[in-house]
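What follows is the residue order along each chain.
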Amino acid sequence: MKMKKIAVLVSGGGTNLQALIDAQGRGEIPNGRIELVISSASDAYALERAAKAGIETCVIERKGKKRETFTRLIQEKLRDAQIDLVVFAGFMIILSPAFFEEFANRCMNVHPALIPSFCGEGFYGLHVHEKVLEYGVKLTGATVHFADAVTDGGPIILQKAIDVEEGDTPETLQRRVMEQCEWKILPQAVSLFCDERLEVEGRIVHILPA
Ligand code: GAR
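A brief report on the enclosed structure follows.

Quick notes on the rules
Residues numbered from 1 in each chain as written. Predicted model: local features only at pLDDT ≥ 70, side-chain atom pairs only at ≥ 80, totals over all residues. Heavy atoms only, no water. Phe/Tyr/Trp six-rings, centres within 6.5 Å; stacked < 30°, edge-to-face > 60°. Buried < 20%, exposed > 50% of the residue type's maximum accessible area, 1.4 Å probe, protein only. Helix = DSSP H or I, 4+ residues; strand = E, 2+ residues; numbered from the N terminus. Pairing = 2+ DSSP bridges. Axes fitted to C-alpha atoms, helices over the stretch in contact; angles between N-to-C directions. Near = heavy atom within 4 Å. Polar contact = N/O pair within 3.5 Å; in protein donor to acceptor, adjacent residues only side chain to side chain. Areas by Shrake-Rupley, 256 points an atom, 1.4 Å probe, with all protein chains shown as cover. Nonpolar A, V, L, I, M, F, W, Y, C, P; charged D, E, K, R; others polar. Parallel < 35°, antiparallel > 145°, perpendicular 65-115°, else oblique. Left-handed = near helix turned anticlockwise from the far one by under 90°. Contact = heavy atoms within 4.5 Å.

## Description of the packing of aromatic side chains
Scanning all chains against the criterion turns up seven aromatic pairs. On the basis of an interplanar angle of 45° and a centroid distance of 5.2 Å, the ring pair of Phe88 and Phe91 is categorised as tilted. What makes Phe88 buried here is its relative accessible area of 7%. Judged by centre distance (6.3 Å) and plane angle (80°), the rings of Phe88 and Phe100 are edge-to-face. Here Phe88, found in strand β4 (residues 85-88), pairs with Phe100, found in helix α4 (residues 97-102); they are twelve residues apart in sequence, far enough to count as distant. Across this residue pair, the class does not change: Phe88 and Phe100 are buried. Put simply, the rings of Phe70, Phe88, Phe91, Phe99, Phe100 and Phe103 touch in pairs and so form one group of aromatic residues.

## Here we look at the sheet that holds β4
Ordered in space as β3-β2-β1-β4-β5-β6-β7, the seven strands form an open sheet in which the pairing is mixed. Bordering the open sheet on either side are β3 (56-59) and β7 (156-163), each of which pairs with just one other strand. Sheet twist, expressed as the mean angle between neighbouring strand axes with direction ignored, is 20°. As paired strands, strand β6 (residues 139-146) and β7 are joined by seven bridges and run antiparallel to one another.

## Here's the deal with the environment of Lys184
Residue position: Lys184 is located in helix α6 (residues 170-194). The class of Lys184 is partly exposed, set by a relative accessible area of 43%. With 23 residues separating them in the primary sequence, Lys184 and Ala161 have C-alpha atoms 12 Å apart.

## Focus: the site of the ligand
Taken together, 14 residues sit near the ligand, with Gly14, Thr15, Asn16, Gly125 and Glu182 positioned nearest. Interatomic distance of 2.6 Å between a side-chain N/O atom of Thr15 and an oxygen atom of the ligand. Protein contact buries 92% of the 450 Å² of open area that the ligand shows by itself. Broken down by secondary-structure element, the contributors of at least two residues to the shell around the ligand are α1 (15-25), β5 (107-111) and α6. Classifying every residue of the shell around the ligand by side-chain character gives six nonpolar, seven polar and one charged.

## Here's the deal with the packing of α1 against α6
Axis separation between α1 and α6 bottoms out at 9 Å; the angle between their running directions is 55°. By the angle between their axes, α1 is oblique relative to α6. Relative to α6, the crossing made by α1 is right-handed. Seen from α1, the contacting residues are Thr15, Asn16, Ala19, Leu20 and Ala23; seen from α6, they are Met178, Glu182, Trp183, Leu186, Pro187 and Val190. Its residues assigned to classes, the contact of α1 with α6 comprises eight nonpolar, two polar and one charged.

Written out as structure tokens, the structure is:
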């Protein structure tokens, strides 16, 4: 099986990137290799995590550029590096539709809620957990899905749920969703992709047997 080249796009702390680096280190992504980390912010801590793991990094800032230009620069970088799989791991910028045409079913996103709840434009980072607590739902979690031009709208690959607990704050909830959901299902989804075990049929992602 061909070794898949993975690029991870980040904007901030990079704990999901770290989960991928750690999973790779444990041999849990045998058919993939993280080759490139692109950050939309020059001060993202994710860049330090990548450098420490010996992964090539690149900063492409959104500021002062049209969305189309920003998108094109990212596409060119990914194309030059011959990337097979793009992972949005806390990547906070919405790209132009052209991106999702080129990377259809080759780009995945991790979202910190159970899609189709608490998702779409404006639902990112800590805000998602604030809205979850405001609404009073008793279950939340995370979703990994193929990204398309509709924010948080593409076919779902994996989800994991946890209970909302009495006394939770956005911060405690975010931490548990990360630890118990995101950091587990993101590496799993990446590994399934690299093993060629994900088959997309319309909205449905079939997970093929090993
Ligand atoms: C994560 O919770 C991720 O799911 C979320 O931002 C956080 C980034 O943390 N992403 C979104 O809200 C995208 N809509 P990280 O930089 O430590 O991985």
